[in-house]
Amino acid sequence: KERDKLKTTFGKYMTPSIVEHLMAGKVQLGGESLEVSILFTDIRDFTSISERMDAHELVALLNEYFTEMVTIVIDEGGVVDKYIGDAIMAVFGAPVPGSDDALRAVRAAVRMRTALVELNERLEKRGKPAIKTGIGIHTGIVVAGNIGSESRMEYTVIGDTVNLASRLEGKTKELGAGL
């Protein structure tokens, strides 16, 4: 009963695959090399949006946006690694690799674009600003595991693959790509 309660509580903060990883006792520092696909998405001109809204409205807007996008990531078998302000970093292939991780990441990105159009239509009806985003995806080798200290650790992925996915997302702004 306690184990189920713990899984339910952890499940609000991390994906089921990470919870299973932790519940299996894999909590030591360090990691393993895996091929994964990383997806970054970031809201464009978020500072401008935040300057026009009070903090509660802004949090509500972010939560609505994150709910839409995270549902898609999870539906496609991805893991939300972290929120970085108004950005999402998602991983496809860790802690459990699959043969179609790259395909699922791309499928998630396409679905995110469609969902963003629909979200913006709802926001417009409520007089809220439209959200524009960029998305970057890259596939390669990372170290996936528990990073941090003995007293506070986080399951994450590290490596050039992550950095390149982030840079690709950033380039979408320079190139005027995206919604």
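About the criteria used
- Residues numbered from 1 in each chain as written.
- Predicted model: local features only at pLDDT ≥ 70, side-chain atom pairs only at ≥ 80, totals over all residues.
- Heavy atoms only, no water.
- Helix = DSSP H or I, 4+ residues; strand = E, 2+ residues; numbered from the N terminus.
- Expected span 1.5 Å × (residues − 1).
- Buried < 20%, exposed > 50% of the residue type's maximum accessible area, 1.4 Å probe, protein only.
- Contact = heavy atoms within 4.5 Å.
- Polar contact = N/O pair within 3.5 Å; in protein donor to acceptor, adjacent residues only side chain to side chain.
- Axes fitted to C-alpha atoms, helices over the stretch in contact; angles between N-to-C directions.
- Parallel < 35°, antiparallel > 145°, perpendicular 65-115°, else oblique.
- Left-handed = near helix turned anticlockwise from the far one by under 90°.
- Nonpolar A, V, L, I, M, F, W, Y, C, P; charged D, E, K, R; others polar.
- Pairing = 2+ DSSP bridges.

Caption draft 1: Inspection of helix 5 (residues 101–125) at higher detail. The end-to-end C-alpha distance of helix 5 is 36 Å, a good match for the 36 Å that 25 residues give at a rise of 1.5 Å each. Turning to helix 5, its buried residues are Asp101, Arg104, Ala105, Ala108, Ala109, Met112, Arg113, Ala115, Leu116, Leu119, Asn120 and Leu123. Buried residues along helix 5 sit against strand 1 (30–43), helix 4 (55–75), strand 3 (87–92) and strand 4 (133–148).

Caption draft 2: Main features of the side chain of Glu169. With respect to the helices, strands and loops of the structure, Glu169 is situated in helix 6 (residues 160–175). Residue Glu169 is classed as buried on the basis of its relative accessible area, which comes to 8%. One polar contact links Glu169 to Arg44, side chain to side chain, over a distance of 2.6 Å. The residues touching Glu169, leaving out its near neighbours within four places in the chain, are Phe40, Thr41, Asp42, Arg44, Gly134, Ile135 and Gly136.

Caption draft 3: View of the packing of helix 4 against helix 5. Packing of helix 4 against helix 5 leaves a shortest axis separation of 10 Å and a crossing angle of 150 degrees. Taken together, the axes of helix 4 and helix 5 are roughly antiparallel relative to one another. Of the two elements, helix 4 crosses helix 5, and the hand of that crossing is right-handed. Where helix 4 approaches helix 5, its residues Leu61, Glu64, Tyr65, Glu68, Met69, Ile72, Val73 and Asp75 are matched on the opposing element by Ala108, Arg111, Met112, Ala115, Leu116, Leu119, Arg122 and Leu123. Residues that form the contact of helix 4 with helix 5 fall into these classes: eleven nonpolar, no polar and five charged.

Caption draft 4: The sheet that holds strand 5 (residues 153–158), seen in detail. Strand order in the open sheet formed by five strands is 2-3-1-4-5, and the pairing between neighbours is antiparallel. Edge positions in the sheet fall to strand 2 (79–84) and strand 5, since each of these pairs with one other strand and no more. Ignoring strand direction, the axes of neighbouring strands in this sheet form an average angle of 35 degrees. Pairing of strand 1 with strand 4, which is carried by 14 bridges, proceeds in the antiparallel orientation. Pairing of Ser33 across the sheet is with Val143, part of strand 4. Against the sheet, helix 6 contacts strand 1, strand 3, strand 4 and strand 5, and its axis sits at roughly 160 degrees relative to strand 4.

Caption draft 5: Quick look at the environment of Tyr65. Position of Tyr65 relative to the elements: it lies in helix 4. Taking the C-alpha atoms as reference, Tyr65 lies 22 Å from Ser37; in sequence the two are 28 residues apart. Apart from residues no more than four positions distant in its own chain, Tyr65 is found in contact with Thr41, Ile43, Asp86, Ile88, Leu116, Leu119, Ile131 and Thr133.

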